[in-house]
Each structure stands twice: as structure tokens, then as C-alpha cells.
Amino acid sequence: MGRDKATTTLEGRTLFDWVYTALSQVVPEVVVAGRQAIQGVRSIPDTLAGGRGPSAGIITGLMEAKGRSILVVAVDQPWVRPATLAALLDVRPQPATPLDGRFQVTCSTYTPRCIPILEEAARKEGSLQPVIPQLEGTAIPPEHWRSWGEDGRSWFSVDTPGDLQEGRSRYGAPGAR
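So, here's what we can say about the structure. (Residues numbered from 1 in each chain as written. Predicted model: local features only at pLDDT ≥ 70, side-chain atom pairs only at ≥ 80, totals over all residues. Heavy atoms only, no water.)

## Details of the packing of aromatic side chains
One pass over the structure, following the stated rule, counts 5 aromatic pairs. Each ring, one from Phe-156 and one from Tyr-171, has its centre 5.7 Å from the other, and the planes form 70°; the classification is edge-to-face. You can see Phe-156 sitting in the loop between α5 (142-146) and α6 (161-171) and its partner Tyr-171 sitting in helix α6, a full 15 residues away along the chain. Judged on exposure class, the residue Phe-156 and its partner Tyr-171 are both buried. When the ring centre of Trp-18 is taken as reference, the NZ or CZ atom of Arg-13 above it lies at 3.8 Å. (Phe/Tyr/Trp six-rings, centres within 6.5 Å; stacked < 30°, edge-to-face > 60°. Helix = DSSP H or I, 4+ residues; strand = E, 2+ residues; numbered from the N terminus. Buried < 20%, exposed > 50% of the residue type's maximum accessible area, 1.4 Å probe, protein only. Lys NZ or Arg CZ within 6 Å of the ring centre and 35° of its normal.)

## Concerning the nonpolar core
With 23 residues, the main nonpolar core has Leu-23, Leu-85, Leu-88, Ile-140 and Trp-148 as its most contacted residues. Contributions of two or more residues to this core are made by α1 (15-24), β5 (70-73) and α3 (82-90). Not counting residues up to four positions away in its chain, the partners in contact with Trp-148 are Arg-81, Thr-84, Ala-87, Leu-88, Val-91 and Ile-140. (Core = buried A, V, L, I, M, F, W, Y, C linked by side-chain atoms within 4.5 Å. Contact = heavy atoms within 4.5 Å.)

## Describing α3
Residues of α3 that are buried include every one of Thr-84, Leu-85, Ala-87 and Leu-88, and no others. One side of α3 carries all its buried residues, which in axial view fall inside an arc of 160°. Elements that come into contact with the buried residues of α3 comprise α1, β5, β6 (96-98), β7 (107-110) and β8 (138-140). (Arc of directions from axis to C-beta.)

## Points about unusual backbone geometry
With an omega dihedral of -5°, the bond running from Arg-92 to Pro-93 counts as a cis peptide bond. Residue placement: Pro-93 occurs in the loop between α3 and β6. A cis geometry characterises the amide bond from Gln-94 onward to Pro-95, with omega recorded as 0°. Mapped onto the fold, Pro-95 is located in the loop between α3 and β6. With a phi close to 55°, Glu-11 is a non-glycine residue in the positive phi region. Given a relative accessible area of 44%, Glu-11 falls into the partly exposed group. Despite not being glycine, Gln-39 shows a phi value in the positive range, around 50°. Mapped onto the elements of the fold, Gln-39 is located in the loop between β3 (32-33) and β4 (43-44). What makes Gln-39 partly exposed here is its relative accessible area of 44%.

## Considering the pairing of β5
Going residue by residue along β5, you find Ile-70 and Val-72 tucked away on one face and Leu-71 and Val-73 tucked away on the opposite face as well. Of the strand pairs in this sheet, β5 and β7 are connected by 4 bridges, and their pairing is antiparallel. Counterpart to Leu-71 in the pairing with β7 is Thr-109. (Pairing = 2+ DSSP bridges.)

## Re the side chain of Thr-14
With respect to the helices and strands, Thr-14 occurs in strand β2 (residues 13-14). Engagement of the side chain of Thr-14 in a polar contact is seen with the backbone nitrogen of Asp-17, the distance being 2.9 Å. Each residue touching Thr-14, except ones within four places of it in the same chain, is listed here: Ala-6, Thr-7, Thr-8, Thr-9 and Gln-39. (Polar contact = N/O pair within 3.5 Å; in protein donor to acceptor, adjacent residues only side chain to side chain.)

As C-alpha cells, this is what we get:
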């Protein structure tokens, strides 16, 4: 996008604020991994030296959680629904990842036992797509996540200005449903 996606505005609010609002309705604490603090929310630097991408941030979150599972949402997913996040937390076995043509790795849950596999992926700077089946959790097919009232908006990512417009056209304002 040529600028920090977290501070990009949509309907008068930052993308981060939309994601934070949805998450804070479902979990007791929201922590930002791999970046400076934003909007007063606690942040933690990536703990994996030399690792990049979502896997490094996920590992950081898992290390901070001290043995607990975590719910991950990317800062560029402003249409994420609290109902979908709550449903993800209820899926067994964990970790849980929606499948919508491909694994939605940044709208998923992860458990501490994922760390070794994620560390390898982070060091290789590779995609998390081939890693998800190795985590031995639940791949959530469309017929399952649609039963939550989900239509794919929760993992719709804003990577370009055109994506902002497409998201508005498809889903309206974030939080509208």
C-alpha cells in the first residue's frame, strides 16, 4: 500500500482499530506482535531472530502466552467478525484454521505445540500454507464456517487501495454485520 496498513483509515477509523474492536469483544487481552505499540495497545517485538512474516509474529504471540493458545488476526483484516473469532476458539482440536480456497493463516488459532514447525517455516521465510496440515489441528471447511454466519469477510485482507474499495463494495462498512 506504500504506507503502514495499521494506520490506514476506513470509514473514519484505522484498520487496526477495526481489528482491535472485534478482538477485544472475544479475548481478555489484545497484544500486537512484531511492531511498535499502536493506539496504546501493548506490543512485543518478534522473538525469533532472523525470522520474518506471519510465522515470526505467531511464534512471538505463543511465547508471550506462556503455554496458552492464541487467536491471530492480521491488522489488515478490518471486516473480521467477533462471532467468527468466538467460533474459532470453540473448534476442536486446536489449532483451527479456516479453509477458503487456501488456509486463512492470519485468522486462526495456534497452540504452543505449533512452535517448532512455525520456527522452521519462519527461518525458511516460506509460506505457512504447506505448514498448516503439519500442525495436526482442524482445517475448517466452508460448510462449517458458513454455519457461523461467516461469508469470508473475516479474512479479507487489505493489501492495496483497491482492496479497500472492493471490501466496501462486498461487505459495506466493517462491523456492519
